[in-house]
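For reference, the chains in residue letters:
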Amino acid sequence: MEEQEVCSHTAQNSKKTAQSCVAIVPIFNHLQEEEMREVVKTTRPISLRRGEPLYSAGDVSSSLYIIHRGKIKIYRLSENGKEQLVRILYPGDFTGELALFKESIHDVYAEAMEKTEICSIQRNDLNALLRIFPSISLKILNEFSDRLERTEMQMTRFATEDIDSRIAFYLVQQAEEKDSMEFHLPMSRKDLASFLGTTPETISRKLGKFENEGWIEQKDQRVIRVLNLNALSSSSS
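Quick caveat: nothing in here was measured; it's all calculated off a predicted structure.

About the thresholds
- Residues numbered from 1 in each chain as written.
- Predicted model: local features only at pLDDT ≥ 70, side-chain atom pairs only at ≥ 80, totals over all residues.
- Heavy atoms only, no water.
- Core = buried A, V, L, I, M, F, W, Y, C linked by side-chain atoms within 4.5 Å.
- Buried < 20%, exposed > 50% of the residue type's maximum accessible area, 1.4 Å probe, protein only.
- Helix = DSSP H or I, 4+ residues; strand = E, 2+ residues; numbered from the N terminus.
- Domains from an automatic or database assignment.
- Contact = heavy atoms within 4.5 Å.
- Polar contact = N/O pair within 3.5 Å; in protein donor to acceptor, adjacent residues only side chain to side chain.
- Phe/Tyr/Trp six-rings, centres within 6.5 Å; stacked < 30°, edge-to-face > 60°.

Core analysis: the biggest nonpolar cluster contains 27 residues, and Ile 167, Leu 171, Met 187, Leu 196, Phe 210, Ile 216 and Leu 232 have the highest contact counts within it. Listed by contribution, the elements that provide at least two residues to this core are strand E6 (83–89), helix H5 (163–178), helix H6 (189–196), helix H7 (200–212), strand E13 (223–226) and helix H8 (229–236). Looking at which element gives the most residues to this core, the answer is H5, with seven residues. Here this core gathers at least three residues from each of two domains, domain 1 (17–151) and domain 2 (161–236). With sequence-adjacent residues up to four places away left out, Leu 171 is seen in contact with Phe 183, Leu 185, Leu 207, Phe 210, Ile 216 and Leu 232.

This is the structure in structure tokens:
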């Protein structure tokens, strides 16, 4: 009897996790409650420890992965093995969306940056959901469009702007996204350097320069307080 109660409790917790997971995803949160329950039925939970891979380049892409708790970094490896950070996924973000359209191969790596909980949906289940709820397709296309725009902006900055401008622009973005002049950097300096196309030493040197100019204050390795947003904005434009 006790074993049955434990199994029932575990199943209820798993269902609640799937419901809250699906509810925060932009491609699903427009659905009605009854429709949301249909999506929840198709999900299965995945738990990752820090540093554990979700998938690797070369793996078959056959599922959509939704971040429920934690963070996932998406990155590529250059020919010499250097890591190039593409983006970081937070709760409500998703990856593996190409599995919606066809079976394909991942060309990037996905790795947990901390303890992370994920809800996954297999491609066959996704295709069935798209037939029932075609509005999901439009939401996914909108996300594709947003990601393409962000990628193009990042590539343009890498090609046309110096590292001072790229770092300044990133700090301005963080302040605007957090709606606060003091914020916690969402990644280590090593990952930030990878994302901005430079080295950790250069990141530290440039942040020190900005601090000497009176533009920012470094509370510690991860906490930044912006003192002069206009100067940062001018440097990044």
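Once that is clear, we can look at the side chain of Thr 42. Summarising the element assignment, Thr 42 is placed in the loop between helix H2 (33–40) and strand E1 (43–48). Separated by 2.7 Å, the side chain of Thr 42 and the backbone oxygen of Val 39 make a polar contact. When residues no more than four places from it in sequence are discounted, the contact partners of Thr 42 are Ser 120, Ile 121, Asp 125 and Leu 129.

For the rest of this paragraph, the subject is the packing of aromatic side chains. Overall, the coordinates contain four aromatic pairs when judged by the stated rule. Residues Tyr 75 and Tyr 109 carry aromatic rings whose centres are separated by 5.2 Å and whose planes lie at 10° to one another, so their mutual orientation is stacked. Here Tyr 75 is found in strand E5 (residues 72–77), whereas its partner Tyr 109 is found in strand E9 (residues 109–112), with 34 residues between them in sequence. Judged by its relative accessible area of 22%, Tyr 109 is partly exposed. On the numbers, 5.3 Å between centres and 35° between planes, the contact of Phe 210 with Trp 215 is tilted. There is no split in this pair, since Phe 210 and Trp 215 are both buried.

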